[in-house]
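Read off the chains here:
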Amino acid sequence: MKREQVLRVGILLWLMVVWILLWGNISFGNIFGGLAVGLIIMVLLPLPRVPVEGRVHLLSILRLLWMIVYYAIVSSIQVAWLAIRPSPPPVTGVLRYQLGIKSDLVLTLCIDVLNLIPGTMVLEIDQNRRIVYVHVLDVGSQKAVSAFYRSVEDLERLFIASFERDSDWQPSPWHQRDYEFDAPRQEDQP
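Here the structure is a predicted model, which means the values were calculated and not measured.

Novice: Before we go on, may I ask you to explain helix α4 (residues 104–116) in this structure?
Specialist: Every α-helix carries 3.6 residues per turn, so stepping three or four residues along brings you back to the same face. A rise of 1.5 Å per residue sets the reference length of α4, with its 13 residues, at 18 Å; its end C-alpha atoms lie 18 Å apart and thus fit the reference within 8%. If you follow the buried residues of α4, they end up packed against α3 (58–84), β2 (120–126), β3 (131–136) and α5 (142–163). The opening residue of α4 is S103, an N-cap whose side-chain oxygen sits 3.2 Å from the backbone nitrogen of L105.

Novice: Looking at this structure, I do not really get the sheet that holds strand β1 (residues 93–98). What am I missing?
Specialist: The pairing of strands in a sheet comes from backbone hydrogen bonds and takes either a parallel or an antiparallel form. Taken in spatial order, the 3 strands line up as β1-β3-β2 in an open sheet, and their pairing is antiparallel. Since the sheet does not close on itself, it has two edges, and those belong to β1 and β2, each with one partner. Direction aside, neighbouring strands of the sheet carry axes that sit 25° apart on average. Across 6 bridges, β2 lies against β3 in antiparallel orientation. When the sheet's bridge partners are listed, M121 is paired in β3 with H135.

Cut-off values and rules
- Throughout this description, residue numbers start from 1 for each chain and increase along the sequence as written.
- Per-residue local features are limited, in this predicted model, to residues with pLDDT of at least 70; the limit for side-chain atom pairs, both in listing and counting, is 80 or more; totals at the level of whole chains, interfaces and linings are taken over all residues.
- As a convention, hydrogens and water are excluded, and side-chain values are obtained from all of the structure's heavy atoms.
- Note on conventions: DSSP H or I runs of at least 4 residues are helices, E runs of at least 2 residues are strands, and numbering of each starts at the N terminus.
- Any helix carries an expected span of 1.5 Å times its number of residues minus one.
- Contacts are residue-level and defined by heavy atoms, with any inter-residue pair within 4.5 Å sufficient.
- Side-chain atoms alone can form a polar contact between residues adjacent in sequence; in general such a contact is a pair of N or O atoms within 3.5 Å, and within protein one must be able to donate a hydrogen while the other accepts it.
- Strand pairing requires that DSSP identify at least two bridges connecting the strands.
- Axis lines are fitted to C-alpha atoms, over the contacting stretch for helices. Their N-to-C directions set the angle, which ranges from 0 to 180 degrees.

Following this line, the structure appears as structure tokens:
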């Protein structure tokens, strides 16, 4: 089976599991009902195709997950300290960072992680240039700004190692078609 077919079977099985969990017990009726409902959902409400252009590297994903948990804990402690410390509120600001991530799917995952880290919120994404504008809670010192850039750089490096290594990268034909569709035509140019 091709990768796309395996993915579709996985989605169907996941929908079946959700159906079983909603009913609260495992029975042949719930299994078949879950498969039927899953098929109906997949046919009537199909998800758009998402180009997968790299390979998944499990060891790198484990490091990435560890780093996400670490940054979430450290940032939570920092935000809590900023909230209760006996001094004026911290200086906030919007910082810009250019990501080296190629895939829209991996870019979305990275943005989701940045939004999960306390004290940061992605305000804008320039998808073509891969620039993100992030509101940061504490930019009152060069040390705080450097820490933010270092954490985003670490996350970016781990996302690339987990999903987009150059040795495994193969641009999807769908991705190329999107760029060709969005590119200006010869007759549109002055």
